[in-house]
Amino acid sequence: DAKQQGRNTWHRYQGNKQRVTEASVLLRHDLHTALRDDQFELYYQPIVEAASGRIRGLEALIRWHHPERGMISPGVFIPLAEQTGQIIPLGRWILRRVCQDAAAMHVAGKRVVPVAVNISSLQFRRTGFIEDVQRALDAASLSPEHLELEVTESVLLDGAEQAIELIDQLKAMGIKVALDDFGTGFSSLSYLRDLPIHKVKLDRAFIKDITTDRHDAAIVQGIITIAHHLDLVVVAEGIEEEEQQQDLIRRHCDLLQGFRFARPMPREAVMALPDRLPSFAET
Ligand code: C2E
Ligand code: MG
Ligand code: MG
Ligand code: MG
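Residues numbered from 1 in each chain as written. Chains lettered and ligands numbered in written order. Predicted model: local features only at pLDDT ≥ 70, side-chain atom pairs only at ≥ 80, totals over all residues. Heavy atoms only, no water.

**Q** Please clarify how the coordination of the magnesium ion (ligand 2) should be interpreted in this entry.
**A** Surrounding the magnesium ion (ligand 2) are the protein donor atoms Glu 59 (OE), Asn 118 (OD1), Glu 150 (OE) and Asp 180 (OD), which sit 2.0 to 2.2 Å from the metal. Expressed as a motif, the donor residue spacing for the magnesium ion (ligand 2) is E-x58-N-x31-E-x29-D. (Donors = N, O, S within 2.8 Å, 3.2 Å for Na, K, Ca; no water.)

Encoded structure:
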C-alpha cells in the first residue's frame, strides 16, 4: 500500500544519503594527502575568438587522479575542499602551478594568451589573497596581463563592497576578472553594472538549447547586448554543436568555449594545437 511504499522510498532515500555522506567523508580525508602526493593536475581548455576561431585564452581546470577511484571531477571535490578549508592550500597551489605553466608555454613560444583560473569565493575573500596572487606571479616571472581570475556571484555573499574593492585592487595590478556562470544561481544584472569586471561568462545552461528554445535565445541575446553596452567581453560556455556556434556568432558573442572546439587537456597538448582551431576551417 501507499504507506508501505512511502516507507520503502524513505529507506531508499536514507540509504542513498548515507552512502553519499560516507563517500564524502572518505574523499575529504583523501584530500589531505592528495596535495602532498601530487595527485592533482591542471588541464587547460582553449577559449576561441568567435569571429576567427583563433585561440584567445585558456581556462585552467583542475583534475584529481585518485589512486583508487580514478579521475574525480572538480564539481565533486571542490565543494568538499571548500567545506574543510582545504581549498585555501589547494587554491594557492593551483595559482602557482597555473602561473608556472603559463610561463613555460611562453618560453616555448606557444600560446601567449591569458590563462584564467577559477577562484573559490572562500579563497577570494580571505585575507592575503592578493598577496598570494602576487607571489604566484613573481615566482613564475609571469606578467599580470597573462593571468585572469574567474569568480562567481557568490563572492558577493558577504556584501558587495569588499568584492568591488578586491577586484579594483586586482585591476590596478593588471589582472582582469571575469564573472563566471552568469545567469544561473542568484546572478543579478546589477552585478554587471557594479563589479569592476571586464568579462562575463554565460553559463552552459543557456547555451544548451539556444537553437531550439526561443526563451533561452532571448536571454542570451539580452545579456550579450547589455554586456556590450557596459563594455564587457562576453564568453559563451559549453558549445558542442555547429548550430550553437553559428547562432552565437550571429548574436555577436565575442568568445566561445566548448567541447566542439577543444576539451580541457594537459599543457603539452595545448602547446601542440594550431592557432586557429579546425571547427572554424569551413565557416
Ligand atoms: P566552470 O568554471 O564553469 O568550468 C567550465 C566547465 O565546463 C568545466 O568542467 C569544463 O570541462 C566544462 N565544459 C567545457 N566545455 C564544455 C562542453 O562543451 N560541454 C560540457 N558538457 N561541458 C563543458 P570541469 O572541469 O568539470 O569543472 C567544473 C567546475 O569546477 C568549474 O566550472 C569550476 O566551477 C570548478 N573548478 C574547476 N577547476 C577549478 C579550480 O582550479 N579551482 C576552483 N576553485 N574551481 C574549479
Ligand atoms: Mg570557470
Ligand atoms: Mg562557468
Ligand atoms: Mg561552473
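Continuing now.
**Q** Before we go on, may I ask you to explain the environment of Ala 116 in this structure?
**A** Looking at the element boundaries, Ala 116 is found in strand S4 (residues 115–118). For Ala 116, a relative accessible area of 2% gives the class buried. Put simply, Ala 116 and Val 177 are 61 residues apart on the chain and 8.7 Å apart in space, counted from C-alpha to C-alpha. Not counting chain neighbours up to four residues away, the residues in contact with Ala 116 comprise Leu 58, Glu 59, Ala 60, Glu 148 and Glu 150. (Helix = DSSP H or I, 4+ residues; strand = E, 2+ residues; numbered from the N terminus. Buried < 20%, exposed > 50% of the residue type's maximum accessible area, 1.4 Å probe, protein only. Contact = heavy atoms within 4.5 Å.)

**Q** Before we go on, may I ask you to explain the pattern of salt bridges in this structure?
**A** Side-chain pairs of opposite charge can arise whenever the charged atoms involved come near each other. Taken as a whole, this structure holds 15 salt bridges when the rule is applied. The residue Arg 267 makes a salt bridge to Asp 101 at a minimum N-O spacing of 2.8 Å. Of this pair, Arg 267 sits in helix H11 (residues 267–271) while Asp 101 sits in helix H3 (residues 87–107), and the two are 166 residues apart along the sequence. Under the relative-accessibility criterion, Arg 267 is labelled partly exposed at 23%. Look at the salt bridges and you will find they share partners, linking Glu 59, Glu 150, Lys 201 and Glu 237 into a network. (Salt bridge = Lys/Arg side-chain N within 4 Å of Asp/Glu carboxyl O.)

**Q** Is there a simple way to explain the packing of aromatic side chains in this structure?
**A** In this description, a pair of aromatic rings is defined by centroid distance and the angle of the planes. Inspection of the entire model under this criterion finds 5 aromatic pairs. With a centroid separation of 5.5 Å and 55° between ring planes, the pair formed by Phe 124 and Phe 129 is classed as tilted. Given the relative accessible area of 0%, Phe 124 is considered buried. For Phe 129, a relative accessible area of 2% corresponds to the buried category. The rings of Phe 40, Trp 64, Phe 77 and Trp 93 are connected pair by pair, giving a single aromatic cluster. (Phe/Tyr/Trp six-rings, centres within 6.5 Å; stacked < 30°, edge-to-face > 60°.)

**Q** Please explain helix H5 (residues 129–140) as it appears in this structure.
**A** In an α-helix, one turn spans 3.6 residues; hence positions three or four apart end up facing the same way. The first and last C-alpha atoms of H5 sit 17 Å apart over 12 residues, in line with the 16 Å expected at 1.5 Å per residue. Within the sequence span of H5, burial applies to Phe 129, Ile 130, Asp 132, Val 133, Ala 136, Leu 137 and Ala 140. All buried residues of H5 lie within an arc of 165° about the axis, which places them on one face of the element. Residues of H5 that are buried in the fold lie against H3, helix H4 (121–125), strand S5 (147–151) and helix H6 (160–173). One or two steps after H5, the chain reaches Ser 141, where phi turns positive at roughly 50°. (Expected span 1.5 Å × (residues − 1). Arc of directions from axis to C-beta.)

**Q** What's the story with the site of ligand 1 in this structure? I'm lost.
**A** For ligand 1, the set of nearby residues contains 20 residues, the closest of which are Arg 63, Asn 118, Asp 180, Glu 240 and Phe 259. In this structure, Asp 180 approaches ligand 1 through a side-chain N or O atom, which is 2.9 Å from an oxygen atom. Phe 259 is positioned with one of its backbone polar atoms (N or O) 2.8 Å from an oxygen atom of ligand 1. Counting residues per element, the ones that place at least two in the shell around ligand 1 are strand S2 (55–66), helix H2 (74–84) and strand S6 (176–182). The biggest single contributor to the shell around ligand 1 is S2, with 4 residues. (Near = heavy atom within 4 Å. Polar contact = N/O pair within 3.5 Å; in protein donor to acceptor, adjacent residues only side chain to side chain.)

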